[in-house]
Amino acid sequence: MKNVTLVLCCLYLIAGLPGCISFKVEPLPDPARILREVTLCREIDESQVLLEPGEAVTEFRSGKDPVICFLYLKDVAQEVVLKWKWYSPDKNLFKESDEAVINQEGIYLEAVTAYDRIEPEALTEHQGQWSVSIFLNDVLLTRLSFKVIPDAWQNQRLHVGRDIP
Amino acid sequence: MKKIIWALLLTWLGATCAISLSVSDLPILKLRGEYLAYSYDFNQIFGRDVTFEWSGYSVSCVRLKVDIKARAFHALGRVTLTRGDDTLLGDELVFDPEKVRGNLIVFGEKIEEHYVGEPAEEEVLLPLPQLDELTLPHIQRSLLYCTCREIHITKTYEVLGFEVTFYVEGLPSLSFSRFKLSDGLEQKGGGFSLDKVWYTRSQGLIARASYNYSEKDLISSFTSLHYEERSFLKDYQGPARQADLLHSTSLVYNSSTTLGFRGNYNSSRLWSTNLFVTKRWSNIISTNFDFALNKPVNFVGEAWFGAQALVSGGRYGELSVAGRSDLQHQIVGNLAYGTSLVRGLNLMFNSDYSRVKMGGSDDFSEILSGALSLAHSSRVFNLAADYYLNYDLMGSELLSRPQVRLGINPLTFYGGLLSIQLNNILIYTHLKTSGEQEQTYSNNTILNLSTHPLDLPKGFSLNFRISAEQFVEKKQRNFTSGGFILNLRKKLSQGVYLETFYSSQSRRRTQNWLIEGTTSQDLSFILRANPKPWLNGWISVSYDPKLREWQQTFADISVGLFRSWRFHSLLNYDFLMNRMSNIDLYLLRDAGRFQIKFVWRSLSKQFLVELIPL
């Protein structure tokens, strides 16, 4: 009876699964030059060989926090050109970074880190929903959204509660 | 053993049926790409160099991101839409494959958005922020994901993959020529589904299957069977097996009339059926009539006729009248009315009458109850006056209880530095029982005063909260209590904080000439550390200044290991007993739809493996 149970269990696992097992399918190779990480943060640790982003955030305080868009590329084997385009809440282009040319020699690089930033002072007049588009060799790589909010302390003083001295 | 074999066979047959039915669904999107990856954990797809047909266009893009659960579809990078000689170019396409509408975005001097699809609609699809995090490494961090070159997404959002290779924890595993990657259960339009097959050592084998049939504007039917087999469990005291059958069908007779049937059967010989007809006479009035047969366990069956009328009077309020009666002369009724008199002032009335049998006897209970509430809310305060009445007509017992509640919303002073809140509730109760009368009242007042964290020099911050409560009642069990909590916090380094809590509470009870009271104090130190995303923990030590002795210490540490595996430990040391009270160790794997947990508990000396659906 144990053998019958074992056979039935095997049948259940194999035939019961919705499909037929195939041994002819070759695993697909990973696409080269993949984006490993893209992060919005307030600070960057530049003390290491590779840059390290600070805590990932999506809200930045106007006039206080710089907005940093950090990028980590893996397995770069040819020249790549990176560009960041920053769009303010009115959907107009606020800043376009210079083209960052990486690996002009075309050698294999296991990892590449890069970032672009907007200084806090530049955000004071543009609170609301922002977006940053990152282009790799003129092709959109990814796009991130973030919010610029009033500084918390200012917010409380101005909007919360009724001032009764 | 035979039962296990039968259960396995049944589930296998069910699964096969489900698959054969489900794969017949026509795809609404056929994705082909150089590389497509589907994550079972997150129910998401990432693609490279992808092409697909959509809205009459042939679409190609460098990257594709799909979140099946959120119904979000984004094509990114050199997006090209071709239809005959017509070619559209963009950087990003946000589209809906079901409603055939999309938003083609170009990132130039400004963000230019172009509506694509037919018919033209004003509503613009916006990119969903949650797809920002969808990258290939994100997919590859899944416990279970697969890669292939072709994926079909059906109308019910089932995901079918072709020439699929599965990866478990990043390691290549089995390959399939065709595989249903996601069951799309909740969106399924019709057919048989095997919803769940589960085995645990404590509950036995559990299986749930359902059959769903619907035709738009005509019929909707749902049947489900839940089965539990426990006969092979050791030391199990309950029934060896249990089955629940649930059925519901509604039939649309015309645009205003619906007929329906609901039935429920349990293998413990509990069953119920309900036949109903709903008629909407106008936008204001609708009615519902029903006939129900119930068979409770160990009681005589009941046959009930019911009627309900709902009147939606707009600004005049909503009125509901309902009544039910059964062949054994049992009656229940309900009258409810609610309206908003003026802005911020709401009136609610609810009354119930019931004449039902008590247990299995022929005796009846007859109860009339009612509640009336008048409530006002504003930015500054909330005020409500309630009246509750419960009249036992057989036992001649009358309970009436009016109450008044007043709450002052948190008021802030000095730019949010100080916040004050006050709540008061006054209750009067009158109970009349066979000639005897009893009257009681009580009043409870609570005052809270707290400060916003105050930033002090050298990285310190201070928070203070004080509260007082006064309880007064007719029986003289009055008490007054008060206390405060002081919280001092110091940032030691990035993500590392030391916190100190000092609290003191005092409670004084007065009854006639007797005053008794207690005071308590507590001093706690907590070290919190979250210096890196993968490291999170705290350790606390508590001390009783009044008794001058250390109490106990707790520690909670969570460390990220690799991929999404985490080690988590909970420790508790008792200084009074001078021993380690408890150690819990966890090894966790978050896999999106479920969590795998290996647990060791020192108290029970148990090692557990848990698979918890999320």
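Refer to the structure printed above.
So, here is what we can say about the structure in this document. Everything numeric in this text was worked out from a predicted model, so none of it was measured. (Residues numbered from 1 in each chain as written. Chains lettered and ligands numbered in written order. Predicted model: local features only at pLDDT ≥ 70, side-chain atom pairs only at ≥ 80, totals over all residues. Heavy atoms only, no water.)

## Thoughts on empty space enclosed by the protein
To be explicit about the condition: Put plainly, a pocket is an open set of points on a 1 Å grid over the protein atoms alone with protein on both sides within 12 Å along at least five of seven lines, a cavity is a set where a 1.4 Å probe fits but cannot get out, and a lining residue has an atom within 4 Å of a point. Grid points are joined across faces, edges and corners, and a volume is the space filled by probe spheres set on the points. Each helix is a run of DSSP H or I of at least 4 residues and each strand a run of E of at least 2, with the numbering of both proceeding from the N terminus. Residue type decides the class: Asp, Glu, Lys and Arg count as charged, Ala, Val, Leu, Ile, Met, Phe, Trp, Tyr, Cys and Pro as nonpolar, and the leftover types, Gly among them, as polar.
Going through the model one piece at a time under the given rule, you end up with two cavities of 30 Å³ or more. In this structure, the largest cavity spans a volume of roughly 80 Å³. Forming the walls of the largest cavity are twelve residues, and the residues nearest its centre are Leu35 of chain A together with Phe46, Arg63, Thr135 and Leu136 of chain B. At the level of secondary structure, the elements contributing two or more residues to the lining of the largest cavity comprise strand S2 (34-41) of chain A together with strand S2 (44-54), strand S3 (57-67) and helix H2 (136-140) of chain B. Residues that form the lining of the largest cavity fall into these classes: eight nonpolar, one polar and three charged. Quantified by volume, the second largest cavity comes out at close to 40 Å³.

## Here we look at the state of the cysteines
All names here are of chain B. The following threshold applies: Two cysteine sulfurs form what is called a disulfide whenever their separation falls within 2.5 Å. Relative accessibility decides the category of a residue: with a 1.4 Å probe and only protein chains considered, values under 20% of the type maximum give buried, values over 50% give exposed, and everything between is partly exposed.
Under the defined criterion, the tally for this structure stands at zero disulfides over all chains. In this structure Cys146 is not part of a disulfide, and its nearest cysteine sulfur, from Cys148, lies 5.3 Å away. Exposure remark for Cys146: the relative accessible area of 1% places this residue in the buried category.

## What to know about a nonpolar patch on the surface
All names here are of chain B. Note the threshold: Residues form patches when they are more than 30% accessible in relative terms and have no salt bridge. Like charges link within 9 Å. Nonpolar side chains (Val, Leu, Ile, Met, Phe, Trp, Tyr) link within 5 Å. For the area figures, the Shrake-Rupley method with a 1.4 Å probe applies, and any residue is considered shielded solely by the protein chains shown. By convention in these notes, a salt bridge is any Lys or Arg side-chain nitrogen within 4 Å of a carboxyl oxygen on Asp or Glu.
A contiguous nonpolar patch, built from Leu492, Leu498, Phe525, Leu527, Ile539, Trp550 and Phe575 and spanning about 580 Å² of accessible area, is present on the exposed surface. Summarising the element assignment, Phe525 is placed in strand S31 (residues 514-532). Judged by relative accessible area, which is 31%, Phe525 ranks as partly exposed.

## A word on the pairing of strand S12 (residues 204-215) of chain B
Residues and elements named next belong to chain B. To be explicit about the condition: A pair of strands counts as paired when DSSP detects no fewer than two bridges linking them.
Summarising the sheet, S12 and strand S13 (residues 219-229) pair through eleven bridges and their orientation is antiparallel. Across the sheet, Ile206 pairs through a bridge with Glu228, a residue of S13. Counting the residues that bridge the hairpin from S12 to S13 gives three residues, and of these Asp217 lies at a positive phi of roughly 60°.

## Considering a negative patch on the surface
Here is the rule: Counted as positive: Lys and Arg. Counted as negative: Asp and Glu, with His and the chain ends omitted from the count. Every charge is mapped to an atom, namely NZ of Lys, CZ of Arg, CG of Asp or CD of Glu.
Residues Glu43, Asp45, Glu46, Glu52 and Glu55 of chain A make up a contiguous surface patch of negative charge. Structurally, Glu55 of chain A is set in the loop between strand S4 (52-53) and strand S5 (59-61).

## Observations regarding the pattern of salt bridges
Inspection of the entire model under this criterion finds 20 salt bridges over all chains. For Lys91 of chain A, the salt bridge is made with Glu113 of chain B, and the minimal N-O distance between the two is 3.2 Å. One end of the pair, Lys91 of chain A, is in the loop between strand S7 (80-87) and strand S8 (93-96); the other, Glu113 of chain B, is in strand S7 (residues 111-117), on a second chain. The partner of Arg32 of chain B in a salt bridge is Glu150 of chain B, and the shortest N-O contact between them spans 3.5 Å. Remark: Glu150 of chain B occurs in strand S8 (residues 144-154) and Arg32 of chain B occurs in strand S1 (residues 27-39); sequence separation between them is 118 residues. According to the relative accessible area criterion, Arg32 of chain B is partly exposed, its value standing at 40%. Each member of the salt-bridge network shares a partner with another, and the members are Arg42, Arg61 and Asp65 of chain A.

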